[in-house]
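# Overview (structure and organization)
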Amino acid sequence: MTADDLTTLHVDQFFPHPPAKVWRALTEPELLAQWQMPGSEGFRLEVGHRYAMSSVPRPNSNFSGAVDVQVLAYEVERMLSVRWADADPANPSDWTITWTLEQEGRGTRLFLVHEGFDPDDPAQMMARKIMGGGWRSHAMRSLGQVLTEL
């Protein structure tokens, strides 16, 4: 993996909250729904569990606006991995999103790895650009706000 790996996005963010609190915001449906896409309240911390989320369609990135999600793996307060696939079979997105939590002082360093972008598909590269900005700005800011209010 290199800095120019177009198949993957990497984001890391420090939160001045302990891992247990960050874990709650990542896995408790009512908290998840406050900072992630609508439908996140369908989340359940169970390998194999499936649920659906929705957002604004983005035709320039072949995103229908509907995401099928499946929980792939987790280690309590350490790691959560999910699969995101566009609900429209005509759209080829099939991504793995893995959150890793590491205690850093009294806070938590949260790492996000979003894998599965096709560098040969212009729509996938547009999706990568949009999602990279969204993860770094909107999602991390919203997650931080939820954590502050807990």
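One can find the structure itself at the top, above this paragraph.
Being a predicted model, the structure only gives us computed values, none of them experimental.

Further remarks concern the nonpolar core. Counting residues in each nonpolar core, the largest one holds 36 residues, and the members touching the most others are Trp 35, Trp 84, Ile 97, Trp 99, Leu 110 and Trp 135. Sort the elements by how many residues they give to this core and helix 3 (residues 122-149) lands first, with eight residues. Every residue in contact with Ile 97, bar those within four places of it in the chain, is listed here: Leu 80, Ser 81, Val 82, Trp 84, Leu 112, Val 113, His 114 and Trp 135.

Okay, the packing of aromatic side chains next. Tallied over the full model, the rule gives five aromatic pairs. Each ring, one from Phe 43 and one from Tyr 51, has its centre 5.8 Å from the other, and the planes form 90 degrees; the classification is edge-to-face. Relative to Phe 117, the ring of Trp 95 lies with its centre 5.2 Å away and its plane at 40 degrees, an arrangement referred to as tilted. A residue pair is termed long-range when its members are at least 10 positions apart, and Trp 95 in strand 5 (residues 94-104) and Phe 117 in the loop between strand 6 (107-115) and helix 3 qualify at 22 residues. Comparing Trp 95 with Phe 117 shows no difference in burial state: the two are buried. An aromatic cluster of at least three residues, connected via ring pairs, comprises Trp 35, Trp 84, Trp 99 and Trp 135.

On to the environment of Ala 127, then. Here Ala 127 is to be found in helix 3. Relative accessible area serves as the criterion here: at 3%, Ala 127 is assigned to the buried category. Taking the C-alpha atoms as reference points, Ala 127 and Met 53, 74 residues apart in sequence, are found 17 Å from one another. The contacts of Ala 127, once residues within four sequence positions are left out, are Ser 61, Trp 95 and Phe 117.

With that settled, the discussion passes to the pattern of salt bridges. Enumeration according to the criterion identifies six salt bridges in this entry. Residue Arg 24 is joined to Glu 28 by a salt bridge in which the shortest nitrogen-to-oxygen separation is 2.9 Å. By relative accessible area, which is 35% here, Arg 24 ends up partly exposed. We note a salt bridge from Arg 109 to Glu 104, for which the minimum N-O separation is 3.0 Å. One network of salt bridges, with partners in common, ties together Asp 12, Glu 104 and Arg 109.

We now examine the environment of Val 82. By the element assignment, Val 82 lies in strand 4 (residues 79-86). By relative accessible area, which is 5% here, Val 82 ends up buried. Each C-alpha atom of the pair Val 82 and Gln 70 lies 5.5 Å from the other, and the pair is 12 residues apart in sequence. Look past the residues within four positions of Val 82 in its chain and what remains in contact with it is Val 69, Gln 70, Val 71, Leu 72, Trp 95, Thr 96 and Ile 97.

With that settled, consider the side chain of Gln 36. Within the fold, Gln 36 resides in the loop between helix 2 (29-35) and strand 2 (50-54). For Gln 36, the side chain forms a polar contact with the side chain of Ser 40, separated by 3.4 Å.

It is worth spelling out unusual backbone geometry at this point. Its identity is not glycine, yet Glu 77 carries a phi of approximately 60 degrees, on the positive side. With relative accessibility at 35%, the residue Glu 77 sits in the partly exposed group.

Its 28 residues place the ends of helix 3 39 Å apart at the C-alpha level, agreeing with the 40 Å of an ideal helix rising 1.5 Å per residue. Maximum bend of helix 3: about 40 degrees, positioned at Trp 135. Regarding helix 3, its N-cap is Asp 121, as a side-chain oxygen of that residue lies 2.9 Å from the backbone nitrogen of Ala 123 further along.

What counts and how
- Residues numbered from 1 in each chain as written.
- Predicted model: local features only at pLDDT ≥ 70, side-chain atom pairs only at ≥ 80, totals over all residues.
- Heavy atoms only, no water.
- Core = buried A, V, L, I, M, F, W, Y, C linked by side-chain atoms within 4.5 Å.
- Buried < 20%, exposed > 50% of the residue type's maximum accessible area, 1.4 Å probe, protein only.
- Helix = DSSP H or I, 4+ residues; strand = E, 2+ residues; numbered from the N terminus.
- Contact = heavy atoms within 4.5 Å.
- Phe/Tyr/Trp six-rings, centres within 6.5 Å; stacked < 30°, edge-to-face > 60°.
- Salt bridge = Lys/Arg side-chain N within 4 Å of Asp/Glu carboxyl O.
- Polar contact = N/O pair within 3.5 Å; in protein donor to acceptor, adjacent residues only side chain to side chain.
- Expected span 1.5 Å × (residues − 1).
- Bend = angle between axes of the 7 residues up to and from the residue.

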